[in-house]
Amino acid sequence: MDFLTLIQILDSTVRLATPLLLACLAGLYSERAGIFDIGLEGKMLAAAFFSAAIAALTGNVWLGLLAGIVASMLLSGLHGLASITFRGNQLISGVAINFLASGMTVLIAQDWFSQGGRTPSLSGGARFNPITLPFAEVVEDVPILGAIYSELISGHSILVYLAAASVPLTWWVLYRTRFGLRLRAVGEAPEAVDTAGVSVVGLRFAAVAICGILCGIAGAYLSTALQAGFVKEMTAGRGFIALAALIFAKWRPWHAMWACLLFGFLQAVALRYQNIDLGGLVIPVQVMDALPYILTVVILAGFVGKAIPPRAGGEPYVKER
Amino acid sequence: MDKMPGWADAVLVPLISLVLAAILSALVILGIGEDPIAAVKLMVSGALGSTYGWGYTLYYATNFMFTGLGFAVAFRAAMFNIGGEGQAMLGGLGVAIVCLVIPWPHWTLALLGAMAAGMLFGALWAAIPAYLQARRGSHIVITTIMFNLIGAAVLNYMLVNVMRPKGSMDPATRRFDETTNLPTFQDMFSTADAVVFRGAPANVTFFIAILACVLVWLLIWRTRLGYEIRAFGHSETGALYAGISPFKIIMIAMLISGGLSGLMAINNVMGEAERLVLNATEGAGFIGIAVALMGRNHPFGVFVAAILFGFLYQGGAELALWTNIPRELIVVIQALVILFTGALDNMVRMPLERIFLRLRKGTS
């Protein structure tokens, strides 16, 4: 494998890891606050559709992004209503949200565009286009470093840089702010937070709202930056891979980034090579597809360092208990 | 003291949830510019208006009974087995292997062999997450989701690289031999002068599904093991004090659950397609969740809810055929049913409990 191929694979790793990272951080806020969210997939899907649809109708991708975030936050609100207000089963709510998004996106797409559940192809201002970082063309000819800067780091859409920036931001919010401390506390010991006079319900809704925003950006990235338009079921399990990455990272922001890059790399390799031939031993493409899930099961099984979720995760908070 | 009489809990709450889901679905149909009443009429005539429609409705219902029962048994033990889809997929693989490899002399023997294989493969696919939950504390929801996705990859590999006949582009096995073909309702109920259920896929496995409902009921409410499963589901610590082994209960409940989901393959793979195709399960594993939640995880409830979902499926197919309403409407209805009967259960239950409390105060 030559250097240029490697750069290209890493480049597509970054592209493919971005939606995973955004969704993974979304899940991180929610689960750190004690709300399990298996509806990441559905929220991304809804956001992908609405951002592509509004971008197609208005020609403005920023309005599209906004619509995607609103759609995702509405579903987040539903999840919050079910799991915080009515103390319902968070897993069931997540399953319902996934199906709701999967059905509604096709239904509305068919009603608005009549193209078999897709949106029209986006172009120009209706898409997030790659931006070239300063000096990218100047340093292009510098060996190795020039290629890394101009091919790998430069030339992505703004959302990729946003996703990268949200990792240190999330770290800072979680570990260096009062809000972050309370957010983590509410996922571990909500009764302590309540005793301190801080609203458990308020904090959890805030976490679920942040989760909605990030999932919204992730979905918008899928349909307006990675691809040019919405296709039925376009999230293709990314919400679950993000969930897997979250467990892989043991609910920590920097580790989440590395886990998403790893899973993005696996996707990039699977996309480029169908079957990998390792000198006689052929690894079929299905193994590459399944590898993130297998790794997650191994991690969950605790063979490679145990993944312990936030203690109060999945439990609705009842004051009088 | 219970806040509500038993009948309200078993019938009224699901009924109100269902009505709420139906109202919202009607609004959705209105929203996309179609007439909900005409849609319901079309669904009823398409799914229940002919023996052909019934043949499809009961075919789908058979699938949902197996996966619904599977989910319900695990849920009784407080295990959220979201992996019915993967277990049904692997069950299909088991059924296909048995049907393709062994030269069966008669369909009755083939059916017995296929049932054993389907259950075995489904149970094995549930066994690993169950073991990890029981011994290592790995959250069963996440592991079963992962096993659904891994199962899809396994099936994809088997069909594309191993089981596909030479020269065929289609990722599917060859057709099963004729001796393994199950009698359909058309074969069973048609008389010399009246052909009924013509071309519909409902087959003899419908009765096996009903038998499974009865057996699960006996297991859960009439055996010691069933009592232990329910006790464990109610309170793990309580069950532990009573000397019930959590490991044993988790493993047994999940093996039965996976086995039931895997058993679905005798209907969709052996009874209908008569070969194994990609996406043979068509999401039936997930519909099982909706069916079980609506049926209150009771075998009789699962039976009724499965027929209702069978009707929705066949009716939805008719809608997609004759109107501009896509099939995905059914997915939306399914989501709303899961939402109202599962996640927003307390939204319906809390006001009802208040009403019943007030009524009781009034009489005493």
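Residues numbered from 1 in each chain as written. Chains lettered and ligands numbered in written order. Predicted model: local features only at pLDDT ≥ 70, side-chain atom pairs only at ≥ 80, totals over all residues.

Concerning the overall build of chain A
Scanning chain A from terminus to terminus reveals twelve helices and two strands. The C-alpha radius of gyration computed for chain A amounts to 20 Å, which stays within 12% of the reference 20 Å derived for 321 residues, consistent with globular compactness. Across its three principal axes, chain A shows a C-alpha extent of roughly 65 × 50 × 40 Å. Scored against the burial criterion, the 321 residues of chain A give a buried share of 52%. (Helix = DSSP H or I, 4+ residues; strand = E, 2+ residues; numbered from the N terminus. Rg over C-alpha atoms; globule rule 2.2 N^0.38 Å. Buried ≥ 20, exposed ≤ 12 C-beta atoms within 10 Å, placed from the backbone.)

Re the overall build of chain B
Assigned secondary structure in chain B consists of 16 helices and zero strands. Against the compact-globule benchmark of 21 Å for 364 residues, chain B has a radius of gyration of 21 Å, which places it among compact chains. Once the C-alpha set of chain B is aligned to its principal axes, its extents read approximately 75 × 55 × 40 Å. Out of the 364 residues in chain B, the part that is buried amounts to 51%.

So, the environment of Gly216 of chain A
Residues and elements named next belong to chain A. Of note, Gly216 is situated in helix 9 (residues 200–226). Residues Gly216 and Ala46 lie 170 residues apart in sequence; the distance between their C-alpha atoms is 8.1 Å. What Gly216 contacts, discounting residues up to four positions off in sequence, is Ala47, Gly68, Ile69, Ala71, Ser72 and Met73. (Contact = placed C-beta atoms within 7 Å.)

Looking at unusual backbone geometry
Non-glycine residue Ala236 of chain A carries a positive phi angle of around 50 degrees. Checked against the element boundaries, Ala236 of chain A lands in the loop between helix 9 and helix 10 (238–248). For Glu274 of chain B, which is not glycine, the phi torsion reads 60 degrees and is therefore positive. Examined against the element boundaries, Glu274 of chain B turns out to sit in the loop between helix 12 (265–273) and helix 13 (284–294). A tally of 18 C-beta atoms within 10 Å means that Glu274 of chain B is categorised as partly exposed.

Re helix 1 (residues 6–31) of chain B
Given a rise of 1.5 Å per residue, 26 residues ought to cover 38 Å, and the 37 Å separating the end C-alpha atoms of helix 1 of chain B matches this to within 8%. Remark: the principal bend of helix 1 of chain B, roughly 30 degrees, maps to Leu12 of chain B, with a proline, Pro14 of chain B, within the next four residues. Among the residues of helix 1 of chain B, those classed as buried are Pro14, Ser17, Ala21, Ser25, Val28 and Ile29 of chain B. Those residues of helix 1 of chain B hidden inside the fold are in contact with helix 4 (90–113) of chain A together with helix 2 (36–48), helix 13, helix 15 (328–343) and helix 16 (345–363) of chain B. A positive backbone phi angle near 80 degrees is found at Gly33 of chain B, which sits one or two residues after helix 1 of chain B. (Expected span 1.5 Å × (residues − 1). Bend = angle between axes of the 7 residues up to and from the residue.)

Considerations on helix 4 of chain A
In this model helix 4 of chain A runs 34 Å from its N-terminal to its C-terminal C-alpha over 24 residues, within 8% of the 34 Å that 1.5 Å per residue would give. Residue Ser114 of chain A follows helix 4 of chain A closely and has a positive phi angle near 50 degrees.

Considering the packing of helix 6 (residues 158–176) of chain A against helix 11 (residues 253–272) of chain A
Residues and elements named next belong to chain A. Taken N-terminus to C-terminus, the directions of helix 6 and helix 11 make an angle of 155 degrees; their axes are 8 Å apart at the nearest point. Regarding the angle of helix 6 to helix 11, the classification is roughly antiparallel. Relative to helix 11, helix 6 is oriented so that their crossing is right-handed. The residues of helix 11 that touch helix 6, namely those facing Val167, Thr170, Trp171 and Leu174, are Pro253, Trp254 and Met257. The class makeup of the residues in the contact of helix 6 with helix 11 is six nonpolar, one polar and no charged. (Axes fitted to C-alpha atoms, helices over the stretch in contact; angles between N-to-C directions. Parallel < 35°, antiparallel > 145°, perpendicular 65-115°, else oblique. Left-handed = near helix turned anticlockwise from the far one by under 90°. Nonpolar A, V, L, I, M, F, W, Y, C, P; charged D, E, K, R; others polar.)

Here's the deal with the interface of chain A and chain B
Contacts between the two partners involve 38 residues from chain A, matched on the other side by 37 residues from chain B. Elements that contribute at least two residues to the side of chain A that touches chain B include exactly helix 4, helix 10 and helix 12 (285–300) of chain A. The residue inventory of the side of chain A that touches chain B, partitioned by class, reads 24 nonpolar, eleven polar and three charged.

So, the confidence of the model for chain B
Averaged over every residue, the pLDDT of chain B is 90; the share at 70 or more is 99%. Here the complex is predicted with pTM 0.89, and the ipTM for its interfaces comes to 0.87. (pLDDT = per-residue confidence, 0-100.)

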